[in-house]
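Chain residues, written in single-letter form:
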Amino acid sequence: QVQFVESGGGLVQPGGSLRLSCAASGSIFSIWTMGWYRQAPGKQRELVARITDGGATNYADSVKGRFTISRANAENTVYLQMNSLQPDDTAVYYCNTYPLRNYIRWGQGTQVTVSS
């Protein structure tokens, strides 16, 4: 069964940085396109970044130039480096495949709070 475990969130001041990690189980992780998603209070979950098995990346306009997604296939891990964080980035962050697969559950996510 595929599982994702996200970590690295926390409280940070505006302009600060965080690096999120997502550890994945499953032997076919390396062939999946992986995404980082986030859900802010009262809002729908949204895709913020994705990375193909070959390393090609794509970002939502709201995070372009500030966030960087990367992966380490040998470690079944995907990362999200977040710089210049803003209060609007406050959300629970999740990783999952892109596109989503209905047989894979969401992990618990990791809370990111940007506040002074």
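In this report, we go over the structure that sits alongside the text.

What counts as what
Residues numbered from 1 in each chain as written. Predicted model: local features only at pLDDT ≥ 70, side-chain atom pairs only at ≥ 80, totals over all residues. Heavy atoms only, no water. Pairing = 2+ DSSP bridges. Helix = DSSP H or I, 4+ residues; strand = E, 2+ residues; numbered from the N terminus. Axes fitted to C-alpha atoms, helices over the stretch in contact; angles between N-to-C directions. Disulfide = S-S within 2.5 Å. Buried < 20%, exposed > 50% of the residue type's maximum accessible area, 1.4 Å probe, protein only. Core = buried A, V, L, I, M, F, W, Y, C linked by side-chain atoms within 4.5 Å. Salt bridge = Lys/Arg side-chain N within 4 Å of Asp/Glu carboxyl O.

Here we look at the sheet that holds strand β7 (residues 67–72)
For step 1, the next point in the chain: One open sheet holds the 4 strands; their spatial order is β1-β3-β8-β7, and the pairing between them is antiparallel. Looking at the sheet topology across the chains shown, the edges are occupied by β1 (4–7) and β7. With direction set aside, neighbouring strand axes in the sheet form an average angle of 15°.
For step 2, the next point in the chain: Of the strand pairs in this sheet, strand β3 (residues 18–24) and strand β8 (residues 77–82) are connected by 6 bridges, and their pairing is antiparallel. Paired with Ala-23 across the two strands is Thr-77, which belongs to β8.

A word on the state of the cysteines
For step 1, the next point in the chain: Within the structure shown, the criterion is met by 1 disulfide.
For step 2, the next point in the chain: Across the disulfide from Cys-22 sits Cys-95; the S-S distance is 1.8 Å. Across the disulfide from Cys-22 to Cys-95, rotation about the S-S bond amounts to roughly 45°, and the bridge is consequently right-handed. With a gap of 73 residues between them, Cys-22 in strand β3 and Cys-95 in strand β9 (residues 91–97) connect regions that are remote in the sequence.
For step 3, the next point in the chain: Assessed through its relative accessible area of 0%, Cys-22 is described here as buried.

So, the nonpolar core
For step 1, the next point in the chain: Ranked by internal contacts, the top residues of the largest apolar core, which has 30 residues, are Phe-4, Trp-36, Ile-69, Val-78, Leu-80, Met-82 and Tyr-93.
For step 2, the next point in the chain: Of all the elements in the fold, those that place two or more residues in this core are β3, β4 (34–39), β5 (46–51), β7, β8, β9 and β10 (110–114).
For step 3, the next point in the chain: Among the elements that make up this core, the one with the highest residue count is β3 (4 residues).

Examining unusual backbone geometry
Across the chain, the bulk of peptide bonds are trans and the bulk of non-glycine residues have phi less than zero.
For step 1, the next point in the chain: With an omega of -5°, the peptide bond running from Tyr-98 to Pro-99 counts as cis.
For step 2, the next point in the chain: Mapped onto the elements of the fold, Pro-99 is located in the loop between β9 and β10.
For step 3, the next point in the chain: Its identity as a non-glycine residue notwithstanding, Asn-76 has a phi of 50°, on the positive side.
For step 4, the next point in the chain: With respect to the secondary-structure elements, Asn-76 resides in the loop between β7 and β8.

Examining the pattern of salt bridges
One side chain can pair with another of opposite charge once the charged atoms of both are near each other.
For step 1, the next point in the chain: For the coordinates displayed, the defined rule picks out 4 salt bridges.
For step 2, the next point in the chain: Close ionic contact of Glu-46 with Arg-38 constitutes a salt bridge, the shortest N to O distance being 2.8 Å.
For step 3, the next point in the chain: With relative accessibility at 6%, the residue Arg-38 sits in the buried group.
For step 4, the next point in the chain: Its salt-bridge partner being Arg-38, residue Asp-89 comes within 2.9 Å of it at the nearest N-O pair. Residue Asp-89 is located in the loop between β8 and β9, and its partner Arg-38 is located in strand β4; the two are separated by 51 residues in the primary sequence. Pair check on accessibility: Asp-89 and Arg-38 agree, each one buried.

Interpretation note: all reported values are geometric properties and have no functional meaning in isolation.
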